[in-house]
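Structural description and commentary
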Amino acid sequence: MQVRAVIYHPEDVSEELYQEALTRVDTDTQAKVKKFYRREDACRTLIGALLLRLLLNERGFAALSVSLAKTAEGKPYVVTRNRDDAIAFNITHDNSLIVLGFAPGVHRPPAFSLGIDVMKVQIPSRDTLDSFIEIFGEQLTDLEKAQLTPDVPSEERKRRFYWMWTVKEAYTKALGLGLGFDFSRVEFDTINRQVKIDGEIPKGWRFTMFTVPDGLDLYEGVVAEFVGGDLTEVEDLSGEAAAWLEISRSTTIMQRAVEELPAV
């Protein structure tokens, strides 16, 4: 499993680079990007698509012949003829961070079971920490609520909440279910680093925790991946430098795409 993270600040991307990079994705993606009213939203979607196209190009896929499809539930996947070429992937973003998680496609084709989520560790200015956590109360388990009580130091409490939420998001994205899944079915014990689904430890999953700094801001991320077998593990690699986590600036990725990918 690997993660490629891109830090995007609107002021970094010139109009010229944006327009050039836009020609490096397929026409359907171009149309999707152009529908966004806000340029920031368009760039986040474009960067996510470029991350995938660059990955596929590295793996020897002809950029213009790559076909993407979706499961009945809407989870995208790469259409490949050879099972040996299969890639599990998931893309997400939050605020200034766009991430691509990927691994060899082994279990549960065609979309495979890999999901990723990232969130900026920040409470909206209109909320207090108490009111913010309360908003999500129905989607937290009793154990999770007990680990988020006001006696917990505020910074630790905030980080615990986002770890819980990114685990829930990553797991449901790995399943390809998305909206409509009851998040209270997923429980993350942040103290003992244990995940339960419907009160039981699931079999065959790996949850990898990581962080990405952006100046004074911090993002927490989780990759949920079905790896098979009877065990489930939670790897807390937050704050650690890791070969599987690559962090780039948006201009670097967009310029790479312009140089390495053919124009459409």
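A brief report on the enclosed structure follows. (Residues numbered from 1 in each chain as written. Predicted model: local features only at pLDDT ≥ 70, side-chain atom pairs only at ≥ 80, totals over all residues. Heavy atoms only, no water.)

From N to C terminus, the protein includes seven helices and 12 strands. By its C-alpha atoms, the protein is 55 × 40 × 35 Å across when sized along the principal axes. For the protein, the residues scored as buried account for 50% of the 264 residues in total. For the protein, the proportion of contacts with a sequence separation of at least 24, taken over those separated by at least 6, is 69%. Of the roughly 12900 Å² that the protein leaves accessible, carbon and sulfur atoms contribute 48%. Where the 31 positive side-chain charges of the protein centre and where its 42 negative ones centre are 4 Å apart. (Helix = DSSP H or I, 4+ residues; strand = E, 2+ residues; numbered from the N terminus. Buried < 20%, exposed > 50% of the residue type's maximum accessible area, 1.4 Å probe, protein only. Contact = heavy atoms within 4.5 Å. Areas by Shrake-Rupley, 256 points an atom, 1.4 Å probe, with all protein chains shown as cover. Lys, Arg positive; Asp, Glu negative; His and termini not counted. Charge placed at Lys NZ, Arg CZ, Asp CG, Glu CD.)

As for its position among the elements, Thr190 is in the loop between strand S7 (186–189) and strand S8 (194–197). Relative accessible area serves as the criterion here: at 5%, Thr190 is assigned to the buried category. Remark: the alpha-carbon pair of Thr190 and Glu144, spanning 46 residues in sequence, is separated by 8.0 Å. Every residue in contact with Thr190, bar those within four places of it in the chain, is listed here: Gln147, Arg160, Trp163 and Met164. At 2.7 Å, the side chain of Thr190 forms a polar contact with the side chain of Gln147. (Polar contact = N/O pair within 3.5 Å; in protein donor to acceptor, adjacent residues only side chain to side chain.)

Looking now at the packing of helix H3 (residues 39–58) against helix H7 (residues 250–260). It is at 10 Å that the axes of H3 and H7 come closest, and there the two elements cross at 50°. In terms of axis orientation, H3 runs oblique to H7. The handedness of the crossing between H3 and H7 comes out as left-handed. Together, Leu46, Ile47, Leu50, Leu51, Leu54, Asn57 and Glu58 of H3 and Ser250, Ile253, Met254, Arg256, Ala257 and Glu260 of H7 make up the contact between the two elements. Here the contact of H3 with H7 is composed, by residue class, of eight nonpolar, two polar and three charged. (Axes fitted to C-alpha atoms, helices over the stretch in contact; angles between N-to-C directions. Parallel < 35°, antiparallel > 145°, perpendicular 65-115°, else oblique. Left-handed = near helix turned anticlockwise from the far one by under 90°. Nonpolar A, V, L, I, M, F, W, Y, C, P; charged D, E, K, R; others polar.)

Turning next to the packing of aromatic side chains. Counted according to the given criterion, the structure contains 14 aromatic pairs. Judged by centre distance (5.9 Å) and plane angle (20°), the ring pair of Phe161 and Trp165 falls under stacked. With a gap of four residues between them, Phe161 and Trp165 both fall in helix H6 (residues 154–175), about one helical turn apart. Trp165 matches Phe161 in its accessibility class, with the two residues each being buried. (Phe/Tyr/Trp six-rings, centres within 6.5 Å; stacked < 30°, edge-to-face > 60°.)

Below, the discussion takes up the nonpolar core. Counting 33 residues, the largest nonpolar core has Tyr18, Leu46, Leu50 and Met254 as its most contacted members. Secondary structure elements with two or more residues in this core: helix H1 (15–22), H3, strand S4 (87–94), strand S5 (97–104) and H7. With 11 residues, H3 is the largest single contributor of residues to this core. Not counting residues up to four positions away in its chain, the partners in contact with Met254 are Val13, Leu17, Tyr18, Ala21, Leu46, Ile47 and Leu50. Counting residues in hydrophobic clusters, the runner-up holds 30 residues, among them Ala170, Tyr171, Phe188 and Ile197. (Core = buried A, V, L, I, M, F, W, Y, C linked by side-chain atoms within 4.5 Å.)

Moving on, we get to unusual backbone geometry. With omega at 5°, the peptide bond leading from Pro109 into Pro110 counts as cis. Note that Pro110 resides in the loop between S5 and strand S6 (114–120). For Arg193, which is not a glycine, the phi torsion comes out positive at approximately 55°. Its place among the elements puts Arg193 in the loop between S7 and S8. Of the residues examined, Arg193 reaches a relative accessible area of 28% and is grouped as partly exposed. With phi around 50°, Asp198 is a residue other than glycine that occupies positive phi space.

For strand S9 (residues 205–214), the tally of buried residues reaches eight of 10 residues, placing the bulk of the element in the interior. Examined bridge by bridge, S9 and strand S10 (residues 217–226) share 10 bridges and lie antiparallel to one another. Each bridged residue has a counterpart across the sheet, and for Arg206 the counterpart in S10 is Glu225. With four bridges connecting them, S9 and strand S11 (residues 233–236) associate as parallel partners. (Pairing = 2+ DSSP bridges.)

Before going further, it helps to spend a moment on the packing of H1 against H3. Taken N-terminus to C-terminus, the directions of H1 and H3 make an angle of 45°; their axes are 11 Å apart at the nearest point. The angle between H1 and H3 places the two elements in the oblique class. Along this stretch, H1 crosses H3, giving a crossing that reads as left-handed. Taken together, the residues of H3 that come into contact with H1 (itself represented by Glu15, Tyr18, Gln19, Ala21 and Leu22) are Arg39, Ala42, Cys43, Leu46 and Leu50. Class assignment of the residues belonging to the contact of H1 with H3 gives a composition of seven nonpolar, one polar and two charged.

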